[in-house]
Amino acid sequence: MEGRSSAPEEGPFAVISKGLREVRESATNDLQLIRSRASSFVSLADREISEFEFVKRIQPKITELRRTYSSAWEGWEGRSDKSTVKLDLSAIKKAFGEQMDGFGGANRSFRKIGWVAMENEDVNGRKEVESEPIQRIKARWKEIEQKNLSSEVFDTWKGSEIVEKVKLSLRSLYKEPHESKKLPPLDLQELVTYLVRQSGPFLDQLGVRRELCDKMVEAVCTWHKNQAIQPSLAPVETSSLVENNNTSDDLDLRIGSIISSSSLMNNSRKLEWLNSKRHMAIVTTASLPWMTGTAVNPLFRAAYLAKVTQQDVTLLVPWLSKPDQELVYPNNITFSSPEEQQGYIRNWLQERLGFEADFKISFYPAKFSKERRSIIPAGDTSQFIPSKEADIAILEEPEHLNWYHHGKRWTDKFNHVIGVVHTNYLEYIKREKNGALQAFLVKHINNWVTRVYCHKVLRLSAATQNLPKSVICNVHGVNPKFLQVGEKIASERQDGNWAFSKGAYFLGKMVWAKGYRELIDLLAKHKNELQGFGIDVYGSGEDSNEVQSTANKLDLNINFFKGRDHADDCLHSYKVFVNPSVSDVLCTATAEALAMGKFVICADHPSNDFFKQFPNCLIYKTSDEFVSRVKEAMTSEPQPLTPEQIHHLSWEAATQRFMQYSDLDKVLKNRGKMGIKRDLISVPTMSEVVDGGLAFMHYCLTGNEMLRLATGAIPGTRDYDKQHCEDLHLLPTQKYKFPDVRYA
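These numbers come from a predicted model, not from an experiment.

So, how was this worked out
Residues numbered from 1 in each chain as written. Predicted model: local features only at pLDDT ≥ 70, side-chain atom pairs only at ≥ 80, totals over all residues. Heavy atoms only, no water. 1 Å grid on protein atoms, 1.4 Å probe; cavity = no way out; pocket = protein on both sides within 12 Å on 5 of 7 lines; lining within 4 Å. Points joined across faces, edges and corners; volume = space filled by probe spheres on them. Nonpolar A, V, L, I, M, F, W, Y, C, P; charged D, E, K, R; others polar. Buried < 20%, exposed > 50% of the residue type's maximum accessible area, 1.4 Å probe, protein only. Helix = DSSP H or I, 4+ residues; strand = E, 2+ residues; numbered from the N terminus. Pairing = 2+ DSSP bridges. Right-handed = clockwise from strand over helix to strand, strands pointing away. Phe/Tyr/Trp six-rings, centres within 6.5 Å; stacked < 30°, edge-to-face > 60°. Lys NZ or Arg CZ within 6 Å of the ring centre and 35° of its normal. Expected span 1.5 Å × (residues − 1). Axes fitted to C-alpha atoms, helices over the stretch in contact; angles between N-to-C directions. Parallel < 35°, antiparallel > 145°, perpendicular 65-115°, else oblique. Contact = heavy atoms within 4.5 Å. pLDDT = per-residue confidence, 0-100. Lys, Arg positive; Asp, Glu negative; His and termini not counted. Salt bridge = Lys/Arg side-chain N within 4 Å of Asp/Glu carboxyl O. Polar contact = N/O pair within 3.5 Å; in protein donor to acceptor, adjacent residues only side chain to side chain.

Student: Is there a simple way to think about empty space enclosed by the protein in this case?
Tutor: Unfilled space is identified by rolling a water-sized probe across the atoms. Considering all chains together, one arrives at 5 cavities of 30 Å³ or more under this definition. Lining the largest cavity are Asn297, Asn474, His476, Gly477, Val478, Leu586, Cys587, Thr588, Ala591, Phe610, Phe611 and Leu649. Its residues assigned to classes, the lining of the largest cavity shows 7 nonpolar, 5 polar and no charged. Of the pockets and cavities examined, the second largest cavity occupies roughly 60 Å³. Residue lining of the second largest cavity: Glu399, Val421, Thr423, Asn424, Tyr425, Leu426, Asn446, Thr464, Gln465 and Leu467, and that is the complete set.

Right, dumping it as structure tokens:
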């Protein structure tokens with residue numbers, strides 16, 4: 001009973017009354033909120049009404065202002081200069097001043113929106129006023145225009161069928177580099193497959209049969225195919241090995257595609273040649289005024305290649321310092337600058353050509369070797385051809401240029417490298433002390449350097465050693481001046497106004513190896529049979545004194561004269577040219593004598609195979625035949641050359657043969673695609689890998705100064721010296737980078 005009186009139980013009326021109280025409290029709170037918002041609306045309405053009243057009161061002023069500026073606007077319409085419009089808003093402020101003073105709230109609103117005149121000075125110094133609201137309106141209008149263009153106009157076309165078709169058409173015409181297909185790298189199985197295939201000859205030497213290698217390749221490819229067919233989380237495009245049953249061809253295509261897509265091979269310089277001229281660099285080992293074959297023939301080759309191919313040609317010749325020039329160049333001719341020597345070379349050439357030679361002449365540093373009687377390059381010769389012009393290289397005497405070459409590999413820098421072998425060095429070396437051993441070593445070194453530095457080698461005759469990648473072809477022509485002399489003599493003979501007034505002569509550098517030994521031996525042996533036969537010899541050289549003294553001791557009928565140009569007028573009246581030399585590769589003087597319509601008596605030697613087609617070339621095999629050939633020539637007249645024979649001797653025909661046998665015509669026809677395909681797509685063969693190793697080995701060996709000196713190199717020819725830097729305006733090498741510092 002006591003518990004019930006202290007905690008009575010709530011009835012239904014109590015619950016209802018409690019709910020009503022809660023509703024009343026909530027309604028009271030909402031009513032207060034509505035009242036507060038209504039009061040704010042009322043204050044805002046009052047403010048708007050006041051501002052409206054302000055605008056209503058200034059309306060007459062606006063009408064007056066409009067009337068005032070209308071006349072000014074009409075005057076501005078007639079002006080030619082309408083670039084800018086500036087309004088002086090100070091007049092507005094002045095007109096509305098009394099009105100604004102009476103409306104503080106409106107004035108504050110007026111200031112709030114920033115209706116403030118801003119004074120600026122134009123380029124003429126006059127003050128102009130531009131309103132800040134006008135500036136804001138202009139900026140806002142530009143934003144609206146940009147927004148409309150980007151969001152409304154372009155959004156309307158975005159995703160439409162027309163736009164999608166245009167995009168597809170543009171993608172088909174031009175594909176962005178980043179949109180190119182990304183090829184997955186070679187996996188281990190593909191690498192093993194390729195290695196096994198390329199190692200077939202080596203495994204065959206170890207006794208592993210070819211059938212076993214093929215089965216290994218097939219097993220690896222089958223496993224790779226099964227792995228690729230299995231579903232994967234990332235469905236990347238599968239290798240071409242899966243798409244075709246011909247696994248060998250597919251692997252080659254895949255490797256080629258990866259190589260072509262690599263950044264190292266995508267050289268933009270090589271792609272530029274597709275739409276521009278090709279560049280040919282002719283590098284030789286001698287230069288005028290040294291009248292030797294490697295100085296004269298490359299000069300004519302440069303002129304005629306530029307004429308026939310219409311491509312850019314550069315002739316790179318050696319530059320010698322003053323002391324070396326005095327040893328090499330005849331008649332004490334020296335040059336103080338490369339420009340001076342270039343002028344001499346061009347003048348000499350222009351006197352003998354019937355057209356303007358259009359090619360460039362550059363120089364590389366070199367030194368003269370007294371022991372070898374030849375010029376040796378100093379430093380990396382390939383660096384003197386700019387990389388953008390490194391397209392086709394023609395190496396005159398490639399073995400000579402690369403004996404001590406310590407620089408970039410020619411076949412790496414150039415797309416196509418052609419070597420032209422001029423000299424039979426083995427024949428010269430055999431005449432020296434320990435000649436057999438030296439010739440053996442030089443023979444293999446020549447094979448080595450021509451293999452790794454040339455794509456194609458041209459041998460002028462079979463008198464040279466058999467070199468890798470070589471073919472035999474005479475790619476030399478005759479100076480056009482000799483052909484003109486021959487045509488003139490033939491014309492005068494036909495008219496009965498010409499007769500050869502002199503007998504026999506020989507011309508060449510006076511060293512024993514140039515045929516002087518053979519000539520003296522033949523004349524001494526058949527002195528009795530050739531009584532009354534005399535010969536005039538023109539030449540100068542290191543062995544002049546010894547040759548003349550030997551001839552005098554044997555009492556031979558030989559008259560010696562100083563060396564002269566074969567085109568000299570005093571040599572035109574000779575009828576017979578005698579050349580018993582067997583050390584030449586292709587005697588230029590023999591070709592010149594035939595071009596002038598003379599008899600030529602020469603030995604049955606591979607160096608003379610090209611001349612056998614001419615009827616005025618009299619070949620002898622024995623010394624007795626030499627006597628009979630001399631008597632035949634002295635008692636008869638040479639036959640005039642036919643137009644076909646003249647063409648065979650010309651540089652035009654020689655250039656055609658050169659382009660054909662060196663594959664230069666194919667390279668030019670493909671417009672660089674051959675070189676690009678070789679570098680970008682083709683997979684290196686085992687032979688190319690070996691060649692690369694041999695080239696690296698040669699680079700390492702030629703970098704050792706002790707080995708260079710032991711093999712006969714000129715000291716200091718691994719790099720060019722200070723004198724070369726001064727003469728050719730070269731940057732000093734690392735060896736000569738810093739000047740000498742002396743301490744007291």
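And the narrative resumes.
Student: Would you take a moment to explain the pairing of strand β14 (residues 574–579) for this structure?
Tutor: The two faces of the sheet receive side chains in turn, since in a regular strand these alternate between them. Most of β14 sits inside the fold, with 6 of its 6 residues counted as buried. Relative to β14, strand β11 (residues 502–507) runs parallel, the two sharing 3 bridges. Among the inter-strand pairings, Tyr505 is bridged to a residue of β14, identified as Phe577. Pairing between β14 and strand β15 (residues 599–603): 4 bridges, direction parallel. Paired with Phe577 across the strands is Val600, a residue of β15. Considered for its hand, the β-α-β crossover made up of β14, helix α24 (residues 588–595) and β15 is right-handed.

Student: Honestly, the packing of aromatic side chains in this entry has me stumped. Any pointers?
Tutor: The geometry of an aromatic ring pair is captured by two quantities: the separation of the ring centres and the angle between the planes. For the structure on display, the rule yields 20 aromatic pairs. Relative to Phe614, the ring of Phe610 has its centre 6.1 Å away and its plane inclined at 65 degrees; by these criteria the two rings are edge-to-face. For the pair Phe610 and Phe614, a shared accessibility class is recorded, and that class is buried. Note that Arg346 overlies the ring of Phe359, its terminal NZ or CZ placed 5.2 Å from the centroid. We note Arg372 situated over the ring of Trp403; from NZ or CZ to the ring centre the distance is 5.7 Å.

Student: Sorry if this is basic, but what is going on with helix α21 (residues 480–495) here?
Tutor: The end-to-end C-alpha separation of α21 is 23 Å, in line with the 22 Å expected for 16 residues at 1.5 Å each. Just beyond α21, the residue with positive phi is Gly496, at close to 80 degrees.

Student: Sorry if this is basic, but what is going on with the packing of helix α14 (residues 293–309) against helix α16 (residues 338–350) here?
Tutor: In a packed pair of helices, the relevant descriptors are the angle between the two axes and the axis-to-axis distance. The N-to-C vectors of α14 and α16 enclose an angle of 75 degrees; their axes lie 11 Å apart at closest approach. Comparing the axis directions of α14 and α16 gives the class roughly perpendicular. Packed against α14, whose contacting residues are Val296, Leu299, Phe300 and Ala303, the element α16 presents Ile345, Trp348 and Leu349 at the interface. Across the contact of α14 with α16, the residue classes tally to 7 nonpolar, no polar and no charged.

Student: Got a minute to help me understand the confidence of the model for the protein chain in this structure?
Tutor: Should the pLDDT be low somewhere, the predicted coordinates at that spot are not to be read in detail. Per-residue confidence for the protein chain averages 77 on the pLDDT scale, and 63% of its residues sit at or above 70. Between residues 231–245, whose pLDDT stays under 50, and residues either more than four places distant or in other chains, the model counts 22 contacts.

Student: Could you clarify how one ought to interpret the side chain of Asp380 in this entry?
Tutor: With respect to the secondary-structure elements, Asp380 resides in the loop between β6 (374–377) and β7 (392–396). Buried within the structure, Asp380 lacks any salt-bridge partner; its nearest side chain of opposite charge belongs to Lys413, at an N-O separation of 6.4 Å. In terms of polar contacts, Asp380 uses its side chain to reach the backbone amide nitrogen of Lys408, at 3.3 Å. Beyond its immediate stretch of four places on either side in the chain, Asp380 contacts His405, His406, Gly407 and Lys408.

Student: Can you walk me through the pattern of salt bridges in this structure?
Tutor: Opposite charge on two side chains makes pairing possible when the charged atoms of those side chains draw close. According to the stated counting rule, one finds 18 salt bridges in the structure shown. The residue Asp555 makes a salt bridge to Lys527 at a minimum N-O spacing of 3.8 Å. With Asp555 in the loop between α23 (544–553) and β13 (558–561) and Lys527 in the loop between α22 (516–525) and β12 (535–538), this residue pair connects regions lying 28 residues apart in the sequence. Put simply, Glu351, Arg352 and Asp565 are held in one network by salt bridges that share partners.

Student: How do you make sense of the sheet that holds β11 when you look at a structure like this?
Tutor: Backbone-to-backbone hydrogen bonds pair the strands of a sheet. The strands run either parallel or antiparallel. The strand order across the open sheet formed by 6 strands is β13-β12-β11-β14-β15-β16, and the pairing between neighbours is parallel. This sheet does not close on itself; its edge strands, each paired only once, are β13 and β16 (617–620). Adjacent strand axes in the sheet meet at a mean angle of 25 degrees when their direction is disregarded. In this structure, β15 lies alongside β16, joined through 4 bridges in parallel fashion. Bridge pairing in β16 links Cys602 to Ile619. Together, β11, β14, β15 and β16 form the strand contacts of α24, whose direction differs from that of β14 by roughly 160 degrees.

Student: Teacher, can you tell me more about the environment of His572 here?
Tutor: Mapping His572 onto the fold places it in the loop between β13 and β14. Sequence spacing of His572 and Lys598 is 26 residues, and the spatial spacing of their C-alpha atoms is 9.0 Å. Looking at His572, its side chain comes within polar contact range of the main-chain oxygen of Asp568, at 3.4 Å.

Student: Even after reading the chapter, I still don't get unusual backbone geometry, so can you show me in this structure?
Tutor: With the exception of glycine, the majority of residues adopt a negative phi angle, and the majority of peptide bonds are in the trans configuration. Between Leu288 and Pro289 the backbone carries a cis peptide bond, its omega angle lying at 15 degrees. Positionally, Pro289 belongs in the loop between β3 (279–283) and α14. Phi at Asn434 takes a positive value of approximately 55 degrees, unusual for a residue other than glycine. As for its position among the elements, Asn434 is in the loop between α19 (425–430) and α20 (435–453). Backbone geometry at His729 places phi at a positive 55 degrees, although glycine is not the residue there.

Student: Quick question: what am I supposed to make of the packing of α14 against helix α27 (residues 651–661) here?
Tutor: In the contact formed by α14 and α27, the axes pass within 10 Å of each other and the chain directions differ by 80 degrees. Classified by the angle between their axes, α14 and α27 sit roughly perpendicular to one another. Across from Asn297, Phe300, Arg301, Tyr304, Leu305, Lys307, Val308 and Thr309 in α14, the residues of α27 making contact are Trp651, Glu652, Thr655, Phe658 and Met659. In terms of residue class, the contact of α14 with α27 is built from 7 nonpolar, 3 polar and 3 charged.

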